[in-house]
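Fold and geometry: a report
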Amino acid sequence: MVNSELQDVGLHAAQRSVQNLVALAVRGLPAMFDSRSQMFCHKLKKTDSGLVQEGISPRYTIMTLMGLHRLEQSGTRSPVDMQPILEGLLANTDWVQNIGDAGLMLWLAAQVAPDRLGELAGRLQIPTALTRFVDVREGTTMNLAWFLTGVSYYSQVSDEGKKLSGIARETYNLLIANQGKFGYFSHQASRTSLKSALRGHIGSFADQVYPIYGMTQFFQAFGDESALRSARECALAICAAQGPLGQWWWHYDSRSGRVFEEYPVFSVHQHGMGPMTLFALGKASGTNFDSRIYKGLDWIDLRNELSVNMQDASAGVIWRCIRASRLERVHALLGTRKGQEAGPEGLSVLFECRPYELGWLLYGLADL
């Protein structure tokens, strides 16, 4: 085959893989829904007696609802009735106790019910949010990124939202202060406590992708090219560190610019958070991240450390992660293990799935 034919074959295979993942999420999400609370559960866990729901989560419900909305936008009907879920979330915001959850609520409303944004922003007291929530003072990266995303989307769809440009700018400044010179974001500001000074510079994969996504939306809302540059810098850093099997690693050191801890490798990073973030940044910046995205997706289907399929079609789930044993993690952190990669004997699959994982999958892949 010539190169163009090989590329076509690879593209078709990738498209089939995405279609299979989307179909699995559509089949699997109803089993994670609790009809009594009109919420999605916290997790679905494999037990000796089958799959069992544990808890409920407004936060995970928001993320899942955004994925289902993206699914319907793509022309496929949601497997659950979204309207009662949305009404329940909008009716009761008492559970919102931090800036991140306030941002997620704005993000959801901007995507699904923009006509409800004004009333929601009033109840959440968005104009004073940066002075009221503890996580702002702690400089928690993920939560600030969610809030920046929510305010930025609000500003994109509403004239009232445009009045929040000052709050968006202040949030962006707090967030960008957590970015190290190598592109990675810390978990939180280092100035807030002894713990943050000692460990706060270590950021998770979530602490990388949510700021990338938030700064991309900040650019879309306000045209700030510096935000796009910072987002791209972080994206290029995580792409350069991507594992040989497409792994998005767990922890990054914002001071040294190195991967701090590899495992667990979470499936949602591979099929959800990585794709949704890099596709959005790629569209805004003109940088093509497709090869990194699809390499990460390949990890789900057999091409991983254990050569297992992380999808369970019969259960309608994608298992949560491949994790390392405690001893293996200690060896990795101390640099005392043999070789460069954790051996299969130290790795295992965690047999549970969380609804937001399938929600972010739909949010990132349903409209491809």
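It should be emphasised that the depicted structure is a prediction, and the values quoted were computed from it without experimental measurement.

1. What about the sheet that holds strand β7 (residues 265-266)?
Each strand in a sheet pairs with its neighbour through backbone hydrogen bonds, running either in the same direction (parallel) or in the opposite one (antiparallel). Read across the open sheet, the three strands follow the order β7-β10-β11; overall the sheet is antiparallel. Each of the sheet's edge strands pairs with one partner strand only, and the pair in question is β7 and β11 (347-350). Where β7 and strand β10 (residues 321-324) come together, two bridges link them in antiparallel fashion. Bridging from a neighbouring strand, V265 pairs with I322 of β10.

2. Regarding the packing of helix α14 (residues 267-285) against helix α17 (residues 355-365)
α17 packs onto α14 with a crossing angle of 35° between their chain directions and a minimal axis gap of 8 Å. The chirality of how α14 crosses α17 is left-handed. Across from V268, H271, G272, M273, P275, M276 and F279 in α14, the residues of α17 making contact are Y356, E357, W360, L361, Y363, G364 and L365. Of the residues assigned to the contact of α14 with α17, the class counts are ten nonpolar, three polar and one charged.

3. Considering helix α4 (residues 99-112)
Its 14 residues give α4 an end-to-end C-alpha distance of 20 Å, which sits within 8% of 20 Å, the value for a rise of 1.5 Å per residue. The buried fraction of α4 is high, at 13 of 14 residues.

4. A short note on α14
The first and last C-alpha atoms of α14 sit 26 Å apart over 19 residues, in line with the 27 Å expected at 1.5 Å per residue. The principal kink in α14, of about 40°, is found at G274, preceding the proline P275 by one to four residues. Counting buried positions over the 19 residues of α14 gives 17, a clear majority of the element. Of the residues one or two after α14, G286 is the one with positive phi, at around 80°.

5. Quick notes on the nonpolar core
By size, the foremost hydrophobic cluster in this structure holds 117 residues, and its most contacted members are W107, W360 and L362. Of all the elements, α4 adds the most residues to this core, at nine residues. When sequence neighbours within four positions are dropped, the list of residues in contact with W360 reads M63, M66, W107, Y210, V268, G272, M273 and M276.

6. A word on the side chain of T171
One can find T171 in helix α10 (residues 165-176). For T171, a relative accessible area of 1% gives the class buried. The residues touching T171, leaving out its near neighbours within four places in the chain, are L130, L144, F147 and L148.

7. Section: the side chain of R70
Within the secondary structure, R70 sits in helix α2 (residues 58-73). With relative accessibility at 13%, the residue R70 sits in the buried group. At a separation of 2.8 Å, a polar atom in the side chain of R70 contacts the main-chain carbonyl oxygen of Y363.

8. Things to note about the pattern of salt bridges
All told, the structure shown has 13 salt bridges when counted by the stated rule. When the shortest N-O distance is used, the salt bridge between E119 and R123 registers 2.5 Å. Taken together, the positions of E119 and R123, both in helix α5 (residues 117-123) and four residues apart, correspond to about one turn of that helix. Taking relative accessible area as the criterion, R123 reaches 31% and is therefore assigned partly exposed.

9. Side note on the packing of aromatic side chains
Between two aromatic rings, the relevant description is the distance of the centres plus the angle of the planes. Counting across every chain of the model gives 19 aromatic pairs. An angle of 35° between the planes, with centres 4.6 Å apart, marks the rings of Y60 and Y356 as tilted. Remark: Y356 occurs in helix α17 and Y60 occurs in helix α2; sequence separation between them is 296 residues. Across the pair, exposure class does not vary: Y60 and Y356 are buried alike.

10. Things to note about the pairing of strand β3 (residues 50-56)
Along any regular strand, the residues point their side chains to alternate faces of the sheet. Bridge analysis of strand β2 (residues 39-47) against β3 gives six bridges, and the strand direction is antiparallel. Bridge pairing links T47 to G50 in β3. Taken together, β2 and the strand that follows it, β3, pair antiparallel across an intervening segment of two residues.

11. Looking at the sheet that holds strand β6 (residues 258-261)
Pairing in this open sheet of three strands is antiparallel, and the strands run β4-β5-β6 from one edge to the other. Every interior strand has two partners, whereas the edge strands, β4 (202-204) and β6, have only one. Ignoring which end each strand starts from, the neighbouring axes of this sheet average 40° apart. Two strands pair when backbone bridges link them, and strand β5 (residues 251-253) and β6 are joined in this way by three bridges, in the antiparallel orientation. Bridging from a neighbouring strand, Y252 pairs with V259 of β6. Lying over the sheet, helix α12 (residues 206-222) contacts β4 and β5, oriented at roughly 70° with respect to β4.

Reading the values: rules and limits
Residues numbered from 1 in each chain as written. Predicted model: local features only at pLDDT ≥ 70, side-chain atom pairs only at ≥ 80, totals over all residues. Heavy atoms only, no water. Pairing = 2+ DSSP bridges. Helix = DSSP H or I, 4+ residues; strand = E, 2+ residues; numbered from the N terminus. Axes fitted to C-alpha atoms, helices over the stretch in contact; angles between N-to-C directions. Left-handed = near helix turned anticlockwise from the far one by under 90°. Contact = heavy atoms within 4.5 Å. Nonpolar A, V, L, I, M, F, W, Y, C, P; charged D, E, K, R; others polar. Expected span 1.5 Å × (residues − 1). Buried < 20%, exposed > 50% of the residue type's maximum accessible area, 1.4 Å probe, protein only. Bend = angle between axes of the 7 residues up to and from the residue. Core = buried A, V, L, I, M, F, W, Y, C linked by side-chain atoms within 4.5 Å. Polar contact = N/O pair within 3.5 Å; in protein donor to acceptor, adjacent residues only side chain to side chain. Salt bridge = Lys/Arg side-chain N within 4 Å of Asp/Glu carboxyl O. Phe/Tyr/Trp six-rings, centres within 6.5 Å; stacked < 30°, edge-to-face > 60°.

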